[in-house]
Amino acid sequence: MSHVETVRFEVAGVHLSGLLARPDGGAARGTVLALHGGGSRAAYWHRDNAPDASLPLLGASLGWTVLAVDRPGYGESARDARARVNLDGQADLLFALLDVLPAYLGADYGAGVFLAAHSMGGILALRMGAADAGRDLLGMAVGGVPLRYSPAKAEAMALVPTDREFVPPMRAPGTGPETFFGPPGSYDPGLLSRDGRIGAPVPTAEFVDARDNPLTLPGVLGKVRVPVHWTVAEFESSNQAGPAVLDEAGRLLGQAPRVELHTQPGVGHNLSLHYAARAYHLRVMAFAEECLPRGS
């Protein structure tokens, strides 16, 4: 039976940490690189007390290697000023990580890399897919990407000071923990307690990119040339969502060879922290499977 282990990599002088699950027996079908959102960490994708909601365990059971990485500026690298870079700088570091993964994983690398990404990690994944180096990706599944913020969230973000290394917690209406979850009963209420949270400080460098994302993302989407699975939550309240936003995302992704648009029932913004996380992750892995080269 697969298990999740803690791993560390040194990339361009930066130490990155993460959680890794490998398939049992035989070569892997491919590698999923999972990117958490802002103010979170790799544990977003795998909590020890919720194995049924774990993307690494599910992916490994389906024959994939899954690496949920603490993005630069989080986890092991949170104390390293070189890692607290904007999203383009993070993309460079993650491409450098991808360069060493085949040797590190060996037969557990598989046919290539597929990105699974949430929220700010989704913005990063799309930037990677728009870069020349991203042409070799198998594809990606992004969820909770803020194509447009709710008015309350945009107003709150505009007031956040950006003269320090990490942004202070936002206290305005529409920015509390409850904003990122669906209705009561759709998630473990312990996630809202201090002990249950998997949060981490948000580096200012990436916050500025995220705040400006509604202005910059449309141009990025037009350059993505790998398959994209785009999910919005049924109870999204952090970003603007709904059919109109999905249609706009599909239109902007005009150069992607395939786009699949999906509304995930039963979840709020934090799709992978709800009881319906397994259903969402199964869709992610099905799309990844469909992105494999024929004959893999």
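What about the nonpolar core?
Point 1. By size, the foremost hydrophobic cluster in this structure holds 58 residues, and its most contacted members are Leu33, Leu35, Leu97, Leu126, Met128, Val142 and Trp230.
Point 2. Beyond its immediate chain neighbours, meaning those up to four positions away, Leu33 contacts Leu67, Val69, Leu97, Leu98, Val113, Phe114, Leu115 and Ala116.
Point 3. Within the second largest apolar cluster, 32 residues are counted, among which are Ala34, Phe181, Tyr187 and Tyr280.

So, unusual backbone geometry
Point 1. Residues other than glycine seldom take positive phi values, yet Ala12 does so here, at roughly 50 degrees.
Point 2. In this fold, Ala12 is placed in the loop between strand 1 (4-11) and strand 2 (14-21).
Point 3. For Ala12, a relative accessible area of 67% translates into the label exposed.

Some points on the pattern of salt bridges
Point 1. Following the criterion strictly, the structure yields 15 salt bridges and no others.
Point 2. Close ionic contact of Glu5 with Arg22 constitutes a salt bridge, the shortest N to O distance being 3.7 Å. Residue Glu5 is located in strand 1, and its partner Arg22 is located in the loop between strand 2 and strand 3 (31-35); the two are separated by 17 residues in the primary sequence.
Point 3. A relative accessible area of 24% means that Arg22 is categorised as partly exposed.
Point 4. Glu290 is the partner of Arg258 in a salt bridge, and the nearest nitrogen-oxygen pair spans 2.8 Å. Highlighted residues: Arg258 in the loop between helix 7 (243-252) and strand 10 (259-264) and Glu290 in helix 8 (residues 277-290), separated in sequence by 32 residues.
Point 5. Each of Glu5, Arg22 and Asp108 takes part in salt bridges that share partners, so that together they form one network.

Considerations on the pairing of strand 4 (residues 65-69)
Point 1. Among the five residues in strand 4, five count as buried, and that is most of the element.
Point 2. In this sheet, strand 4 lies alongside strand 2 in antiparallel orientation, the contact comprising four bridges. Looking at the pairing, Leu19 lines up with Ala68 of strand 4.
Point 3. Sheet topology note: the strand 3/strand 4 ladder contains five bridges and is parallel. Each residue of the ladder has a partner; that of Thr31, found in strand 4, is Thr65.
Point 4. Viewed along the sheet, the connection from strand 3 through helix 1 (residues 55-61) into strand 4 turns out right-handed.

Details of empty space enclosed by the protein
Point 1. In total, this model carries one cavity of 30 Å³ or more according to the counting rule given.
Point 2. Here the largest cavity is characterised by a volume of approximately 30 Å³.
Point 3. What lines the largest cavity is Gly144, Val145, Thr231, Val232, Glu236, Asn239, Gln240 and Ala241.
Point 4. Its residues placed into classes, the lining of the largest cavity shows three nonpolar, four polar and one charged.

Points about the side chain of Arg47
Point 1. If you trace the backbone, Arg47 turns up in the loop between strand 3 and helix 1.
Point 2. The side chain of Arg47 sits in the buried core without any salt bridge; Asp188 is the nearest counter-charge, 5.0 Å away.
Point 3. Residues in contact with Arg47, not counting those within four places in the same chain, are Ala53, Leu191, Ser272 and Leu273.

Parameters and conventions
Residues numbered from 1 in each chain as written. Predicted model: local features only at pLDDT ≥ 70, side-chain atom pairs only at ≥ 80, totals over all residues. Heavy atoms only, no water. Core = buried A, V, L, I, M, F, W, Y, C linked by side-chain atoms within 4.5 Å. Buried < 20%, exposed > 50% of the residue type's maximum accessible area, 1.4 Å probe, protein only. Contact = heavy atoms within 4.5 Å. Helix = DSSP H or I, 4+ residues; strand = E, 2+ residues; numbered from the N terminus. Salt bridge = Lys/Arg side-chain N within 4 Å of Asp/Glu carboxyl O. Pairing = 2+ DSSP bridges. Right-handed = clockwise from strand over helix to strand, strands pointing away. 1 Å grid on protein atoms, 1.4 Å probe; cavity = no way out; pocket = protein on both sides within 12 Å on 5 of 7 lines; lining within 4 Å. Points joined across faces, edges and corners; volume = space filled by probe spheres on them. Nonpolar A, V, L, I, M, F, W, Y, C, P; charged D, E, K, R; others polar. Lys, Arg positive; Asp, Glu negative; His and termini not counted.

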